[in-house]
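# Results of the structural survey
Chain residues, written in single-letter form:
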Amino acid sequence: MGNSYAGQLRTRRFEEVLHNSIEASLRSNSLAPRPIFSQLYLEAEQQLSALEGGSRVDNEEEEEEGEGGLEPSCPPNPYQMHPPPEGCCTTDELILKSPTSRGFCQAGKDLRLVSVSSEPIDVPTGFLLVGAKSPSLPDHLLVCAVDKRFLPDDNGHNALLGFSGNCVGCGKKGFCYFTEFSSHINLKLTTQPKKQKHLKYYLVRNAQGALTKGPLICWRGSESRGRPSTTGTGSGSLFPPLDSSGPQAASSSEPTPGTSPGVPMGVQHAGPVSDHPSQTAATGPAVFNGKDSPKTQQLVKNKLPAMPRPSALGVVSNSGPPKKRHKGWSPESPSATDGGYSQGGGNRAKYESTGTSCMPQVGLAGPASVTFPVVASGEPVSVPDNLMKICKAKPVIFKGHGNFPYLCGNLNDVVVSPLLYTCYQNSQSVSRAYEQHGACAAQPISQEMQLLLTVYYLVQLAADQVPLMEDLEQIFLRSWRESHLTETRQPQQAPPQPFPPAPGAVAQVTSAQLPWLAGLAASSCNDSVHIIECTHSLAEGLSEMFRLLVEGKLAKTNYVVIICACRSPAIDSCIAVTGKYQARILSESLLTPAEYQKEVNYALLTGKVDSLGAFFSSLCPEGDIDVLLDKFHQENQGHISSSLTASSVTKSASLDVGGAPTCTSYGLEPHHVRPFQLAVAQKLLSHVCSIADSSTQNLDLGSFEKVDFLICIPPSEVTYQQTLFHVWHSGVLLELGLEKEHVTKQRVEQYVLKLDAEAQTKFKSFLQNSFQNPHTLFVLIHDHAHWDLVSGAVHNLCSQSDLSVGLVDRLLNCREVKEAPNIVTLHVTSFPYALQTQHTLISPYNEIHWPASYSSGVDLYPENKKYFGLSEFIESTLSGHSLPLLRYDSSFEAMVTALGKRFPRLHSAVIRTFVLVQHYAAAMMAVSGLSQMKSYTSVETLEITQNLINSPKQCPCGHGLMVLLRVPCSPLAAVAYERLAHVRARLALDRHFEIILGDPSSSITVGKHFVKQLKMWQKIEEAEWRPQTYLELEGLPCILIFSGMDPHGESLPRSLRYCDLRLINSSCLVRTALEQELGLAAYFVSTEAPLEKGVPNEALESDAEKLSSTDNEDEELATEGSTSEKRSRSHDSACSPPSSKASSSALCGESSAQPGGPSQREQARSPQPCSPSDESRVPGDKQRLRASQRPPVISRHSPGLAPQPDYGLKTSQRSVQVPVTSSSSQLSSSGSSSSSTVPSASTVILQASHCSMTRACQQPPIVFLPKLVYDMVTSTDSSGLPKAASLLPSHSVMWASSFRPLLSKTMTSTEQSLYYRQWTVPRPSHMDYGDRAEGRGDSFHPRRLLLSGPPQIGKTGAYLQFLSILSRMLIRLTEVDVYDEEEINIDLEEESDWQYLHHGDPWPDLELFRKLPFDYLIHDPKYEDASLICSHHQGVKRQDRANPRKPEELYVRRQTSRMRLSKYAAYNTYHHCEQCHQYMGFHPRYQLYESTLHAFAFSYSMLGEEIQLHFIIPKSKEHHFVFSQPGGQLESMRLPLVTDKSHEYIKSPTFTPTTGRHEHGLFNLYHAMDGASHLHVLVVKEYEMAIYKKYWPNHIMLVLPSIFNSAGVGAAHFLIKELSSHNLELERSRQEELGIKPQDIWPFIVISDDSCVMWNVVDVDCGGDRSREFSWSERNVSLKYIMQHIEASPNITHYALIGMRKWSSKTGSREVRKPFSRCHVHDFIILNVDLTQNVQYNQNRFLCDDVDFNLRVHSAGLLLCRFNRFSVMKKQMAVGGHRSLHITSKVSDHPVAVVPAQYICAPDSKHPFLAAPAQLLLEKFLQQHSHRFFPLSLRNHGHPVLLVDCYLNLGSQISVCYVSSRPHSLNISCSDFMFSGLLLYLCDSFVGASFLKKFHFLKGATLCVICQDRNSLRQTVVRLELEDEWQFRLRDEFQTANAKEDLTGRHI
């Protein structure tokens, strides 16, 4: 930028410095430089030195740069970086002292800073302690004492050549050469050492006296070279984010920006002092080793610590150019456009000490109104006695540089502030701040340059503007940055330069030049800035200023700059604000709220305000207003009461009684949850669930059975009643089961806590309740959470009598709340900024922001109401809107200003209140007929009063509108109430409208007449009813005088029409306070009715809505591209025809934005058939507006927008419009229209017979603001961000640094939160102050959430809805959907000859059991669609079965029941409780359990290869296994003995095959096993190993080989069984060596589904074995109980398979009468691997593999036993398992459903390949299409299909008969059967031709042969001699349509 001007000299002379640092900062680039600068020929120091090394950086410097901890390639996100926690070890501390030479001198003494920091070191006079860096010890500084003459000054100059130093270790002195010294301290260098490279840091003593690393030593050669930037931000970035600097950001001698000494700026506070800036500040500046250093002489002389943060001094934007500007200045002054944000607040001195002390109590008491630095110099200056009387204002003197003299005399008439001093100090350290963050070192702005920039800033301020420290900070920052960037860029610029490159050092403005240049700058400002130059001290300049003030020679001067440049090189300066307007605002902004109240009370009590009354009386030509009122009252007493009352008030009652039509627009809204509220409630719920799901175990949702809550609210009676009303009507108490039917209001009061003096008792009972009910989740809701953030510590320091101080902190942050595991705290606020600091307890992940309504043009939550918030109000003020919703009253402001000059000792709040009350009184009189009073009120106040009084006449019921008059100061509100009530009474308007005094501490008082009206409107019968909330004043014409320093969340009714905020304290500008006041007007506008007017277009989410945190981090908003585009469009929308003002006024209903109407945006959003496109979403589209009941559509952009005048008048009357609009063009500006036009215009519009309620529901209120606030709210910076958004967020916080990136217009709420979390710190009085070691993520409170959303948007409804769905979810969490289906095929069972009749046997009798026949029928309901298995009994009698379900219905529509989880349930990964933490591997004392991977191989003959499995075994489970010694190879899994009788553990290992259910699988068997020791192995596929291990770190995993990744459950069962068989052999041989018999080794394993959730037992009571009496009951038991019962069965080793029933609620006595059955077992089986050694699972199977295996076991002659009195409940799961088997095409990119007919194709066809295993295709195909192959079998159950050795499901309409070909196998007798088909599946050599010839087939029966490939198919046909019996054709051959890379095709 410095080289951008043509013809500019490339030197570092003074002209260029001024160009770069001032011009570039303060003026537009497009203007030519001021000619005066290029003509200066002043003496400047020319120091031409060649740039060393260009942009190359040598290795050592790169290492040094790396100390900041930043990787140049990947800068960390500045919002997410955290400093190290307080007290944690740094790397310095981790390196133990070792007696090596590094870090020690030649004498062996330790020189490392970490070692000697606390030791006393003797430093000779003139020497300083510095830190040397050794390349061999990169993490340490070596302490040296060096003569400061050989060190550079701040600018890198004046270091003598050579060296003189001492060793602080051994004390050796007199080293004259750095080479010799470096050798002594063992720097270990190979090259010639340079002191510049190794002496890096000054060392300073911190507040505790410890030696710490200070600022960098500013060596010119190394620091001013161009270094590569490490910030990684793009060149377009205006302000690269400051990155953390790691350990080197230690305490410095100079105060870093925005903090006290010792607290560095930026992301990170390092060192133990960082959390206590106030304590550090209180100790004074850091001391250089006990001596004065050149860097700190200035600070030490003054002994004034840097203030934590400069404060705003008032806020006025540059609304117009000053009357005269200097020729070279741009009209875009920094204040008006991009000149720094106003980030401070005005009335912030409450929390800012002035250097005298920084103890926390100062935060409350604040400074006195006159404050002084601790030390001053020179002779005292006397303040003249009559100063204020002469000046008409208190001058405010800002201390600048250097020494400030004592003041004496009339100190009450001046205010002295240190804010400017702080600002200067902060900007002095900006370069150091940048150095710490990796930027190149550069000179700070000199004191002279600072003062010169300040003068230029003051010169360009307009007469009605007030200086802001924030603006000045930004100017300093930009100036420094641009000069710094110019320096660093110049060496890199390639184009040829006409002049040699600039020298390395920047020539500064000298102190001799300064006064002349300042005077030159001030010469063009018409004396608004006056420069006084002193020769000796500031005292003479101040005396001169006081003299000039007294003589009246500074009447036109707003600012006096006093400069004393005699103390070369330093200067002394101060700036006095003498302008009456500016001085008043600044002095009042420095008052604390307590002092403000005190001043107002003093003025009221001492009668000083009487002079105001006298003045008003003198203005009125008719004499005293009261006299006029009395006269009017007497004249009109009888007349008015009869006419007006009858016409407006009584009319409503008579009409109602007479049955005439009454107003239909009235009605309090019924309670319902809006889509937005439901969405927010669900977000809250998901955040609570994520806390529970995290591995931190901070919330165990599974352990809670119900929800309870307490809502804490500020001590406002109206808010309390309002919250009670919400809770009562939401029904939440009934839903949570906290109350029974008919909840009384007294019961509701138990759940709402008003934070007043009585709160502690109620809160204690809440805590006690939570302690006594550990299974109840208590939600503590802190509503309006930004209120009262005062620390409880302040309460302890203050008098104990005031219980309210720090009450929120003492209650909500008490230890009991923080530690209670069943209390979740939810902070709810519209202004969360003070809870988003560096020390906040709320994690950024636990913040919930109100979502945006639109995203990418889609209406996310369609509602019939549109929220109208701050952004919409701001947008209505954009150019083109003739009647904006935000306005200011210029005539009111002018009168206030004039009176302020007349009464300088009265606080402006008093003056403003009296003027406004006077205006209202005069307006009431004017409306009542005293027309001469119109000239004593403003147009705006007259409009309000006319509409207030006339609105009831427009409604048959007398509904009117509400006017909110905000008077923050309660005494003034009382005065206003009394005065207005008096005037109303004298004018006989008592029954026209009510005046209500709204005080937070008291309830609402409304006159009897109006209560009667409200009861009639609301149809209330109750005799004692009184309105208790403002919402119940719906439709009441009234003025609500709303007092209290802050609103407390009170909601206002829809009839609110005007929000008069002209009296809000305009000097206390912080973002929270401002948005809180404007939030009173926030409103829901009905979008149902078509609106006839245009107000501003609503962006999808307007920019300022981000100001209110309404956008959502999840949605990217498609806002309009630019402000200019928005302005042009909004101008179009409101353009009027070029006609007279009168016609413009008449036509306003159609063509211009009426006051306070809803926006066109809403209109576009409301359902309109003729307007499909939403203009706000499609920039540039034509917006179609629709007048009510009028079909033609008018395009906004057409020139004929305005209709004809007469038509326009009709629309005005018919429209839902604001009634009065005294001619529209005059409302917001001068008020110059003649008063006579006002009544006529309003009369015309008020003729409309519309109830004001109808209009009110469709228009937001009109808001009147003080001019100062209006300018602040409506002005934007260069990026379009409203200036108000960049104010200090809250009084209770301060900026961490003056030099921070600016808030961006595009920031979402989440980004804003991260911004505030990085750049704000709590003040000492804030409850979060010192609460946490900054930056430590684990110091966030885990159960604390923050909900933020715009005011009045419905947050209460959202969190009440959240409580409801949380309660529902907790109930749901304790419940589970289990399959509840009757067993199938029960009716087909035949009573066999032999039954097990011993009904009471606990175990089966082996001999009796052997006689039971095997039941071939499948009874499991999941196999309802499976083929029926016939035995010789059932085959003949089988009837047709019911219609089968469709395959997709099989799993979707199965019947389930919801069951409450018992204490013996199995759980998934979401369950956390104290008991099973260790079991799950999340025990707090351990890290995540370490696991080891072990290979386990065994050979299997059938596969013909070795099987290699892998075990993942956690360390805690290794005792279950045997490992080889040495080597640690896995040898076997330990098995117990059959003879073991211990009840401490379960003998059978449990294997659970699982896929796709790492989260949902029920693998937590801790509770199911009742804590008993057991061995549980998860069997997972290789590709899922990592995810299962992550979720189940303490479970043993058996990982299947990769070839089984696509296999089904058959493969898992096959490998489990083979592994167990092999392991049994290994264990037998191992234990045989120990003398144990092989048959004594326990042979059973459990194979369990991953969805088994609970187990039940049936208790039977039978009168005897054969008795008919039989009763039973079912109860839930632990799996341990069932397993130990079964394992204790006698002769258990004789059973091959043991299982149990599947639970069903429909189980009858028939099922449980028989205790044991010999039948199929499923889901949870106990398998004897010894007996079943020769029976294998089919590894290729996907479906029905358990049925297939059961049949194989039975045919092998083994026993299957089902315990009928045990049952297992299976949970319904929507994920994983069989659902993970997808059949898709590999050809198509799109997922297309493949029908089963496509699973099979001709063997040589070019078919689409399917991505699925061949076996799965085959099984699915047979299930769906077997009826095509076996037509004779269809529904022919007497002639089943014969299956050999394998059960396949051929569909429910085909019956099958299973036989085994193995010798000696048990088969049914088939002689009776004629089979309708034969299916041979991969048959082996046991199947021979002779075997098949035993069976008989029907004629036309079908043969189906399935083989691996075509070759084996043909061999099988030949071997089995099939062609003898069956016919074949080539076209009968098919194969599965799977991809070729799958196993193989199979032929049919």
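Residues numbered from 1 in each chain as written. Predicted model: local features only at pLDDT ≥ 70, side-chain atom pairs only at ≥ 80, totals over all residues. Heavy atoms only, no water.

Secondary structure summary: the chain contains 61 helices and 57 strands in total. For the chain, buried positions account for 61% of its 1948 residues. Of the accessible surface of the chain, which amounts to about 73,600 Å², a share of 53% is contributed by carbon and sulfur atoms. (Helix = DSSP H or I, 4+ residues; strand = E, 2+ residues; numbered from the N terminus. Buried < 20%, exposed > 50% of the residue type's maximum accessible area, 1.4 Å probe, protein only. Areas by Shrake-Rupley, 256 points an atom, 1.4 Å probe, with all protein chains shown as cover.)

Moving on to the pattern of salt bridges. The tally for this structure, following the rule as stated, stands at 50 salt bridges. Asp 471 is the salt-bridge partner of Lys 1283, the closest N and O atoms lying 4.0 Å from each other. Of this pair, Lys 1283 sits in the loop between α46 (1267-1274) and β30 (1293-1295) while Asp 471 sits in helix α16 (residues 469-489), placing them 812 residues apart in sequence. This pair shows no difference in class: Lys 1283 is buried, exactly as Asp 471 is. A salt bridge links Arg 1914 to Glu 1933, with the nearest nitrogen and oxygen atoms 3.4 Å apart. Residue Arg 1914 is located in helix α60 (residues 1910-1919), and its partner Glu 1933 is located in the loop between α61 (1922-1925) and β57 (1935-1936); the two are separated by 19 residues in the primary sequence. (Salt bridge = Lys/Arg side-chain N within 4 Å of Asp/Glu carboxyl O.)

The strand order across the open sheet formed by 5 strands is β34-β54-β53-β55-β56, and the pairing between neighbours is parallel. Strands with a single pairing partner mark the edges of an open sheet, and in this sheet they are β34 (1428-1429) and β56 (1897-1906). Strand direction decides the pairing type here: strand β53 (residues 1841-1844) and strand β54 (residues 1855-1859), joined by 4 bridges, are parallel. By the bridge assignment, Leu 1842 is partnered in β54 with Cys 1857. (Pairing = 2+ DSSP bridges.)

The subject of this paragraph is the packing of aromatic side chains. Evaluated as defined, the whole model comprises 38 aromatic pairs. With 5.4 Å between their ring centres and 55° between their planes, Tyr 833 and Tyr 1316 make a pair best called tilted. One end of the pair, Tyr 833, is in the loop between β16 (823-829) and β17 (847-849); the other, Tyr 1316, is in helix α47 (residues 1309-1319), with 483 residues separating them in the sequence. Exposure remark for Tyr 833: the relative accessible area of 0% places this residue in the buried category. Between Phe 1496 and Phe 1511, the aromatic rings sit 6.1 Å apart at their centres with planes inclined by 80°, giving edge-to-face as the arrangement. Of this pair, Phe 1496 sits in strand β36 (residues 1491-1500) while Phe 1511 sits in strand β37 (residues 1505-1514), placing them 15 residues apart in sequence. (Phe/Tyr/Trp six-rings, centres within 6.5 Å; stacked < 30°, edge-to-face > 60°.)

This part is about the packing of helix α24 (residues 717-730) against helix α48 (residues 1355-1373). Where α24 meets α48, the closest approach of the two axes is 11 Å, and the angle between their N-to-C directions is 40°. Judged on the interaxial angle alone, α48 and α24 are oblique. Pair α24 / α48 crosses with right-handed handedness. In this structure, α24 uses Thr 723, His 726, Val 727 and Ser 730 to contact α48, whose residues at the interface are Thr 1356, Tyr 1359 and Leu 1360. (Axes fitted to C-alpha atoms, helices over the stretch in contact; angles between N-to-C directions. Parallel < 35°, antiparallel > 145°, perpendicular 65-115°, else oblique. Left-handed = near helix turned anticlockwise from the far one by under 90°. Contact = heavy atoms within 4.5 Å.)

Between helix α13 (residues 419-428) and helix α15 (residues 447-459), whose axes approach to 11 Å, the crossing angle comes to 125°. Taken as axis vectors, α13 and α15 run oblique relative to one another. Between α13 and α15 lies a crossing whose hand is right-handed. On α15, the residues touching Tyr 424, Ser 427 and Gln 428 of α13 are Gln 447, Gln 450, Leu 451 and Thr 454.

What follows is about the pairing of strand β26 (residues 1083-1086). Side chains Tyr 1083 and Val 1085 project from β26 onto one buried face, and the interleaved Phe 1084 and Ser 1086 project onto a second face that is buried too. Sheet topology note: the strand β20 (residues 865-868)/β26 ladder contains 4 bridges and is antiparallel. For Phe 868, the partnering residue across the bridge sits in β26 and is Tyr 1083.

What follows covers α13. Taken across its 10 residues, α13 has 10 buried, putting it largely inside the fold. Within α13 the residues assigned to the buried category are Leu 419, Leu 420, Tyr 421, Thr 422, Cys 423, Tyr 424, Gln 425, Asn 426, Ser 427 and Gln 428.

Quick look at the pairing of strand β46 (residues 1697-1702) now. Burial analysis of β46 places 6 of its 6 residues in the buried class, the great majority of the element. When β46 meets strand β48 (residues 1724-1728), the two strands line up antiparallel, connected through 2 bridges. Following the sheet pairing, Ile 1698 is matched in β48 by Ile 1726. One ladder, built from 6 bridges, connects β46 with strand β49 (residues 1760-1770); its direction is parallel. Paired with Met 1700 across the two strands is Phe 1763, which belongs to β49.

Of note, Leu 141 is situated in strand β2 (residues 137-147). Taking C-alpha positions, Leu 141 is 5.5 Å from Leu 113, a pair spaced 28 residues apart along the chain. When sequence neighbours within four positions are dropped, the list of residues in contact with Leu 141 reads Leu 111, Arg 112, Leu 113, Gly 131, Ala 132, Lys 133, Tyr 201, Leu 203 and Lys 213.

Here we come to the sheet that holds strand β15 (residues 776-783). Read from one edge to the other, the open sheet built from 6 strands follows the order β14-β13-β15-β16-β32-β17, with strand pairing classed as parallel. The strands lining the two open edges of the sheet, one partner per strand, are β14 (752-754) and β17. Averaged over all pairs of adjacent strands, the angle between strand axes in this sheet comes to 20°, irrespective of strand direction. Here α48 sits on the sheet and contacts β13 (706-713), β15, β16 and β32 (1344-1348); the angle it forms with β15, its principal contact strand, is near 170°.

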